[in-house]
Amino acid sequence: TNPLLRASLKRPNILITGTPGTGKTTTARYIAEATGLEHVSVGDVAKEKECFEGRDVELDTYILDEEKLLDHLEIILADGGKVVDYHSCELFPERWFDLILVVRATNAVLFDRLSARGYSARKREENLECEIMQVVLDEALESYEKEIVHEITSETEDDLQENAQRVKDWLTQWKVDCRD
Ligand code: DAT
């Protein structure tokens, strides 16, 4: 397609991903507020549109109807300008996103947050291991161009401001690049 047309019609979509508890939702909300982009919680869309096939009792999670979820998301993301948050990233088509932020957390921070959430010991351990093994980061690097994948942290108010500023700067550059 004509890049000029694309630039004038489309805004970028940004994916905020990471292990549960790392700070995706907090970061995505803050970035949306700071940039004027719209926050889309994939978990909320899945719930609203009932994209579940059942419940995994052992893992204490829902079983996702991926196809149904992706169909709904495709429509939501079509016009761009969305800040999407989800704890996984390999299920989405690569073309959907222009920037991928992987939120990382230290073991101690994540342990406290997951405990505060009332996660079972098993679920907490699984998520801690996921973070230690950098599962989501590797997933992102395998699913998207390395150049658009960035690690960030979200522990303090300063982090939120800094991350939002980075995205604002990135958006400015993105618009310039689209004009070229
Ligand atoms: P996620 O969406 O990745 O599961 P979250 O955004 O709900 O994580 O954050 C988990 C907890 O950590 C929540 O109590 C808010 C807190 N938190 C996240 N980022 C923070 C930050 N930059 N400063 C202070 N608290 C933060």
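Since we're looking at a predicted model, the values are computed, not measured.

In terms of helices and strands, the protein chain carries eight helices and seven strands. Relative to the 2.2 N^0.38 estimate, which gives 16 Å for 180 residues, the radius of gyration of the protein chain is 17 Å and therefore close to what a compact globule would have. Referenced to the eigenvectors of the C-alpha coordinate spread, the extents of the protein chain come out at roughly 50 × 40 × 30 Å. Scored against the burial criterion, the 180 residues of the protein chain give a buried share of 29%. Pairs at least 24 apart in sequence give 75% of the contacts found in the protein chain among residues at least 6 apart.

Turning our attention to the site of the ligand. The environment of the ligand is formed by 15 residues, the closest being Gly23, Lys24, Thr25, Thr26 and Ser154. A per-class count over the shell around the ligand returns two nonpolar, eight polar and five charged.

In this section: the environment of Gln173. Within the element layout of this structure, Gln173 appears in helix H8 (residues 157-179). For Gln173, a count of 10 C-beta atoms within 10 Å gives the class exposed. As a C-alpha pair, Gln173 and Glu33 span 140 residues in sequence and 19 Å in three-dimensional space.

Our focus in this paragraph is the confidence of the model for the protein chain. Residues at a pLDDT of 70 or more form 95% of the protein chain, whose mean pLDDT is 94. The complex model carries a pTM of 0.93, and its ipTM stands at 0.99.

A separate point is the UniProt feature "binding site: ATP" (unreviewed entry) in the protein chain. Under the local residue numbering, the UniProt record ascribes the feature "binding site: ATP" (unreviewed entry) to Gly21, Gly23, Lys24, Thr25, Thr26 and Arg117. Topologically, Gly21 is positioned in the loop between strand S1 (14-17) and helix H2 (24-35). Note that Lys24 resides in helix H2. Its 26 C-beta neighbours within 10 Å are what place Lys24 among the buried residues.

With glycine set apart, most residues show a phi of negative sign, and most peptide bonds adopt trans. Positive phi, normally seen in glycine, also occurs at Glu50, with a value near 50 degrees. Positionally, Glu50 belongs in the loop between helix H3 (42-48) and strand S3 (52-56). Non-glycine residue Gln134 carries a positive phi angle of around 45 degrees. Its 15 C-beta neighbours within 10 Å are what place Gln134 among the partly exposed residues.

Next up on the list: the sheet that holds strand S5 (residues 82-86). Across a sheet, strands are paired by hydrogen bonds formed along the backbone, either parallel or antiparallel in direction. Read from one edge of the open sheet, five strands run S2-S5-S1-S6-S7, paired in parallel fashion. Edge positions in the open sheet fall to strand S2 (38-41) and strand S7 (149-153), since each of these has one partner strand only. Direction aside, the axes of adjacent strands within the sheet are offset by 25 degrees on average. Alignment of S1 against S5, held across four bridges, turns out to be parallel. Within S5, the position partnered with Ile16 by the bridge is Asp85. Set on the sheet, H2 makes contact with S1, S2, S5 and strand S6 (99-104); between it and S5 the angle comes to about 175 degrees.

This next bit is on the environment of Thr61. Within the element layout of this structure, Thr61 appears in strand S4 (residues 61-64). Residue class for Thr61 comes out partly exposed when judged on the 13 C-beta atoms lying within 10 Å of it. Separated by 106 residues in sequence, Thr61 and Val167 have C-alpha atoms that sit 32 Å apart.

The axes of two packed helices give the description: the angle between them and the distance between them. Interhelical geometry of H2 versus H8 gives an angle of 50 degrees and a closest axis separation of 9 Å. For the element pair H2 / H8, the angle class is oblique. For the element pair H2 and H8, the recorded crossing hand is right-handed. For the pair formed by H2 and H8, the contact residues are Thr26, Thr27, Tyr30, Ile31, Ala34 and Thr35 on the first element and Leu160, Asn163, Ala164, Val167, Lys168 and Leu171 on the second. Residues belonging to the contact of H2 with H8 are distributed by class as follows: seven nonpolar, four polar and one charged.

About the thresholds
Residues numbered from 1 in each chain as written. Predicted model: local features only at pLDDT ≥ 70, side-chain atom pairs only at ≥ 80, totals over all residues. Helix = DSSP H or I, 4+ residues; strand = E, 2+ residues; numbered from the N terminus. Rg over C-alpha atoms; globule rule 2.2 N^0.38 Å. Buried ≥ 20, exposed ≤ 12 C-beta atoms within 10 Å, placed from the backbone. Contact = placed C-beta atoms within 7 Å. Near = placed C-beta within 6 Å. Nonpolar A, V, L, I, M, F, W, Y, C, P; charged D, E, K, R; others polar. pLDDT = per-residue confidence, 0-100. UniProt positions renumbered as here; feature names shortened; annotations may be inferred. Pairing = 2+ DSSP bridges. Axes fitted to C-alpha atoms, helices over the stretch in contact; angles between N-to-C directions. Parallel < 35°, antiparallel > 145°, perpendicular 65-115°, else oblique. Left-handed = near helix turned anticlockwise from the far one by under 90°.

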